[in-house]
Amino acid sequence: MAVAGLETGDHRQAENGFVSPEPPPPKLLPQIDVSVLPFLGGFGKYQRELIVLTWIPALFIGFSQFSDYFLLAQPNSTCVHGEANWTAGPLSLTGDANFSMTGRYVYGDGTGNDTQCLCAGWKLESQTGLVQNVVTKWNLVCSSAQNVHIAKFSLLVGSIFGYLVMGVLADWFGRQPVLIISLLFMLVFGLTVAFSVNVSMFSTLRFFEGFCLAGITLSLYVMRIELCLPDKRFSMTVVASFVVLAGQLLMPGLAALCRDWQVLQVVIICPFILMLSYIWIFPESLRWLLSTQQYHRSKGLMYRIGRKNKVDMEVDTTGILSELERELPRKPKRTCIIKMVGTRNLWKNIVVLCVNSLTGYGIHHCFARSMMDPEAREGFHSFLADYFTMAGIAVASCLSLCPAVVLLGRRGGLLVFMIVTALASLLQLGLLNLIGKYSLRHDIELRDTLNKKFSVAFSIIGMFSSHAVSNLSIFFCAEITPTVIRGGGLGLVLASAGFGMLTAPIMELHNQKGYFLHHVIFACCTLICIICILLLPETRHQPLPESLADGESYARQPLLPPKRLGEQHLLLTRGETRDYSRVHDTPVRQAITSEASACEGSAATNGVKLP
């Protein structure tokens, strides 16, 4: 009876107590990049329209990510009434890893010794184009200056928690619900920030704003990747990066038009209202639906895509639709990011990319601080110069990513940019000290000039390469991580990037104490990352992995192509088969085997059963 059940496909419990195994898994539906998307028209009109819809919010995301630059910038200060002859020292502009420039006050009594601020009143003038920002409204100077750093922590810490939580939810409930929920709460908390009555309320609301902003950023990034075929993934992602940078470049003009921080906050958040239409026009990711075996929802969405791309769905030459009909009874199967711990290679790949992302954003602050000249920095023009310099470096970095990835691939490009970052960091730390110690000891002015120029040059190169490392690490993770846990894996890498950004306000909170050690630690991390990058597989022109098994089977290839035609170019190949036909036993082993065969033959002839 059990055999009959197997042959007829009846999966009910047999009479003898045995249970028939589950039906074999589908063959075509898991091959989304190879079978499903080409059948539905490839990169057709449907995909192009949705990709554009993911680009538009990137501009609003850019506004929100760089808003701290203006809302929390330290203004110029003048002591109006003091208990003694206290004067405000020169304003020192420094840049941090998340492009949030701040001012640093030093109050002295004329002897060069820093003392506690005893000024009774301050005249504060904002230098960002705003007449009033958060610092000037609540006089966050002197003993209250630490509240500025706490406010900066709020947005970053909220983003870190948002990436971790929303990534897991995106894998469990879907990309579209996470996008919509994050959008609704983003409107609520973002608009409420503009009506804060004190800095504590401002910081708390900014935490939740960062949390929701992370959900929007992550879900759009994942959906954009999952819409594209292998040859379109990188180019579509780079365009989105340029749109974010456009938001950064437009922020000074937006601040100059708004003039008040509350108006600026409202203007930044209101465009997200346009995304409410995504509730009806932006569907769930087809790739995620197929990977989680939600075939009923997948069927309707596939017919919708086919109609949009003008594909004749009545002609099923590939057998995809017939296979979909057979698989409809299957139950949905979701996977949590925790399952990654049980894998052999996948978790190592994600950890390596997390360290790369953390190092890239962390060392970016070191280079940015070295590039900013602490002397003769006054007024709005210096603020604009620093701001647009950093934005220009980011634009140049994104432009360089395109030819680097095309020529060298994902892993080769990441390795080259990490090597450049390490060289710039080590030369800045070592070469400048050698110039001051062993050469030009008598010409102090020339030595200081050379040190300053070399420091700025190495800082620009380091910022350029570290920005590329950070962006490429995030994209690399989105390609390596399987669809069933892509949200959680990408959330881990983005959260690591947030920790790297968090080092900037931490250093400012300690008045840059330990800055040199901070730079040395991250320089050492770049050397570790160079070695670890060699362990990553190459994903260029490869289909996205859909299951944990697909993620495990990604092959690690050598950096250089094979020298001879037909030479094995994979260290580990998928489904590797080996030929053992020319492997022979030793003479002793052959004698024992032949003797055993003879004994078995004679025993069978005599009817004797061997033990």
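Residues numbered from 1 in each chain as written. Predicted model: local features only at pLDDT ≥ 70, side-chain atom pairs only at ≥ 80, totals over all residues. Heavy atoms only, no water.

S.K.: What should I look at first to understand the overall build of the protein chain in this one?
M.R.: Assigned secondary structure in the protein chain consists of 21 helices and six strands. Out of the 611 residues in the protein chain, the part that is buried amounts to 52%. At a minimum sequence separation of 6, the contacts of the protein chain that also span at least 24 residues come to 80%. As displayed, the protein chain has an accessible area near 29000 Å², and 64% of this comes from carbon and sulfur atoms. (Helix = DSSP H or I, 4+ residues; strand = E, 2+ residues; numbered from the N terminus. Buried < 20%, exposed > 50% of the residue type's maximum accessible area, 1.4 Å probe, protein only. Contact = heavy atoms within 4.5 Å. Areas by Shrake-Rupley, 256 points an atom, 1.4 Å probe, with all protein chains shown as cover.)

S.K.: How should the confidence of the model for the protein chain be read in this particular structure?
M.R.: Do not read the fine detail of predicted coordinates wherever pLDDT is low. Of the residues in the protein chain, 73% reach a pLDDT of 70 or more, and the chain-wide mean stands at 79. Scored below 50 in pLDDT, residues 1-20 shows 14 contacts in the model against residues more than four places distant or in partner chains. This model gives residues 565-581 a pLDDT under 50, and the stretch forms 13 contacts once residues within four places in sequence are excluded. (pLDDT = per-residue confidence, 0-100.)

S.K.: Would you take a moment to explain the side chain of Ser159 for this structure?
M.R.: Looking at where Ser159 falls in the secondary structure, it is placed in helix H6 (residues 146-173). Not counting the four nearest positions on each side in its chain, Ser159 is found in contact with Gly210, Phe211 and Ala214.

S.K.: How do you make sense of helix H15 (residues 346-371) when you look at a structure like this?
M.R.: Side chains that are three or four residues apart share a direction in an α-helix, a result of its 3.6 residues per turn. Between the first and last C-alpha of H15 there are 38 Å, a value that for 26 residues agrees with the 38 Å anticipated at 1.5 Å per step. Taken across its 26 residues, H15 has 20 buried, putting it largely inside the fold. (Expected span 1.5 Å × (residues − 1).)

S.K.: Could you clarify how one ought to interpret the packing of aromatic side chains in this entry?
M.R.: For any pair of aromatic rings, the description rests on two quantities: the centre-to-centre distance and the angle between the ring planes. Taken as a whole, this structure holds 15 aromatic pairs when the rule is applied. Ring geometry for Phe202 and Trp261: centres 5.7 Å apart, planes at 85 degrees, overall edge-to-face. One end of the pair, Phe202, is in helix H8 (residues 199-227); the other, Trp261, is in helix H10 (residues 261-269), with 59 residues separating them in the sequence. By the burial criterion, Phe202 is buried, and Trp261 matches it. (Phe/Tyr/Trp six-rings, centres within 6.5 Å; stacked < 30°, edge-to-face > 60°.)

S.K.: Whenever I open this one, the packing of helix H3 (residues 45-65) against helix H9 (residues 233-258) confuses me. Can you help?
M.R.: Contact pair H3 / H9: the axes reach a minimum separation of 7 Å and the direction vectors enclose 40 degrees. Of the two possible hands of crossing, H3 and H9 adopt the one that is right-handed. Contacts between H3 and H9 involve Ile51, Trp55, Ala58, Leu59, Gly62, Phe63 and Gln65 from the first element and Met236, Val239, Ala240, Val243, Val244, Ala246, Gly247, Leu250, Met251 and Leu254 from the second. Of the residues contributing to the contact of H3 with H9, the split by class is 14 nonpolar, three polar and no charged. (Axes fitted to C-alpha atoms, helices over the stretch in contact; angles between N-to-C directions. Left-handed = near helix turned anticlockwise from the far one by under 90°. Nonpolar A, V, L, I, M, F, W, Y, C, P; charged D, E, K, R; others polar.)

S.K.: Sorry, what's going on with the pattern of salt bridges here?
M.R.: When their charged atoms lie close together, side chains carrying opposite charge are able to pair. Scanning the model with the defined rule gives twelve salt bridges in all. A salt bridge links Arg206 to Asp68; its shortest N-O distance comes to 2.3 Å. With Arg206 in helix H8 and Asp68 in helix H4 (residues 68-71), this pair connects stretches of sequence that are 138 residues apart. Considered together, Arg206 and Asp68 belong to a single accessibility category, that of buried residues. Residue Glu327 pairs with Arg330 through a salt bridge whose shortest N-O separation is 2.3 Å. We note that Glu327, like Arg330, is buried. (Salt bridge = Lys/Arg side-chain N within 4 Å of Asp/Glu carboxyl O.)

S.K.: What's the story with H10 in this structure? I'm lost.
M.R.: Within the sequence span of H10, burial applies to Trp261, Leu264, Gln265, Ile268 and Ile269. Take H10 and look down its axis: the buried residues cluster within an arc of 125 degrees, on one side only. Looking at where H10 begins, the residue whose side-chain oxygen comes 3.0 Å from the main-chain nitrogen of Gln262 is Asp260. (Arc of directions from axis to C-beta. Polar contact = N/O pair within 3.5 Å; in protein donor to acceptor, adjacent residues only side chain to side chain.)

S.K.: Help me understand a positive patch on the surface in this model?
M.R.: On the surface, a cluster of positive charge is contributed by Lys45, Arg48, Lys232 and Lys310. Looking at the secondary structure, you find Lys232 in the loop between H8 and H9. (Patch = residues over 30% accessible without salt bridge, like charges linked within 9 Å, V, L, I, M, F, W, Y side chains within 5 Å. Lys, Arg positive; Asp, Glu negative; His and termini not counted. Charge placed at Lys NZ, Arg CZ, Asp CG, Glu CD.)

S.K.: I tried to follow the nonpolar core on my own but got confused; where do I start?
M.R.: The biggest cluster of nonpolar side chains holds 87 residues, and the ones touching the most others in it are Phe70, Ile216, Met251, Leu264 and Phe272. Those residues within four positions of Met251 in sequence are excluded, and the remaining contacts are Phe63, Phe66, Ser67, Phe70, Leu264, Ile268 and Tyr387. By size, the runner-up hydrophobic cluster in this structure holds 54 residues, among which are Tyr163, Ile225, Val405 and Ile530. (Core = buried A, V, L, I, M, F, W, Y, C linked by side-chain atoms within 4.5 Å.)

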